Amino acid sequence: MGRCRTVKPETIQIPISDGDYIVVKKRLNYGESTKAKATIVKDFHADGRVTPDFEVVEIAQVLAYLVEWSLVDEHGQQIPIDTHQKRLAAINAQDTATIRELIDAVDAHVKAMDEERAAEKNVTAGETASPATSLSVV
Amino acid sequence: MNLTITGVEGQIRWAYHSAAVLRAWTVVSSDATRTLTASIVSQDTFRVSQRPLVFVAPHAKGSWTWPIEELQIQDGVLSARLGPQKE
């Protein structure tokens, strides 16, 4: 039987400074990954060139991965980020240092997940690969 | 005694994914059973088929969440048996 290729919607909580945290998707599925790429394009031109959307280029990965956070508003209420529009608006409202911290945290997470998957692939390949030749005792 | 809660907007979620957007929902709670009925505004057929699902209903100070134990969709109407409300 083949392996399940559906991306399980799992999350990881990552601590950031001052006791805050973000909750991010462990992995993106194909649709989320494509959407993340599409968000950084502002315009497609007839000659094939694209104009990037500089407002989201830097935070596209954060927008794609971020599910929840502990950041609060001036009244101490957790800032909701349950839709793309809310996430974008909330991110734009934070100070630059905070967003830089989020970008770095998500970058590190993506790298760690890539390494984890590469290691898993090696293990799986080692377990399931058939030998190119086999010996038989006659 | 039955307790009935109604709302305008709601959502079925598969983890962090939205599986269906609901409107005009009603939860009827009697003894140990809770039943949800709602109109479906939109749905993702694949996500709705996944488990576990939860019903999330927003309110003024946040949201209520119930796990879905059994789900049926027919002619744009969703009905579900809910588990005990999550904190």
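Residues numbered from 1 in each chain as written. Chains lettered and ligands numbered in written order. Predicted model: local features only at pLDDT ≥ 70, side-chain atom pairs only at ≥ 80, totals over all residues.

**Concerning the sheet that holds strand E5 (residues 62-74) of chain B**
Residue and element names in this part refer to chain B. The line we're drawing: When DSSP finds two or more bridges between a pair of strands, those strands are recorded as paired. Secondary structure elements follow DSSP: runs of H or I of four or more residues count as helices, runs of E of two or more count as strands, with numbering from the N terminus. Angles here are taken between N-to-C directions and fall from 0 to 180 degrees, while the axes themselves are lines fitted to C-alpha atoms, restricted in helices to the stretch in contact.
Read around the barrel, 6 strands follow the order E1-E2-E3-E6-E5-E4 and close on themselves; strand pairing throughout is antiparallel. Along the sheet, successive strands turn relative to each other by an average axial angle of 45 degrees, direction set aside. Strand direction decides the pairing type here: E5 and strand E6 (residues 77-82), joined by 6 bridges, are antiparallel. Each residue of the ladder has a partner; that of glutamate 70, found in E6, is arginine 81.

**Details of the interface of chain B and chain A**
Using the following cut-off: Once C-beta atoms are placed from the backbone, any two residues with those atoms within 7 Å are in contact. Nonpolar residues are Ala, Val, Leu, Ile, Met, Phe, Trp, Tyr, Cys and Pro. Charged residues are Asp, Glu, Lys and Arg, and all others, Gly as well, are polar.
With 4 residues of chain B at the contact, the number on the chain A side is 4 residues. Tallied by class, the residues present in the side of chain B that touches chain A amount to 3 nonpolar, 1 polar and no charged.

**What about the sheet that holds strand E5 (residues 66-69) of chain A?**
All names here are of chain A. The strand order E1-E2-E5 describes an open sheet built from 3 strands, whose pairing is antiparallel. Unpaired on one side and paired on the other, strand E1 (11-15) and E5 mark the two borders of the sheet. For this sheet the average axis-to-axis angle between neighbouring strands, irrespective of direction, equals 25 degrees. Where E1 meets strand E2 (residues 21-25), 5 bridges bridge the pair, whose relative direction is antiparallel. Within E2, the residue paired with proline 15 across the bridge is tyrosine 21.

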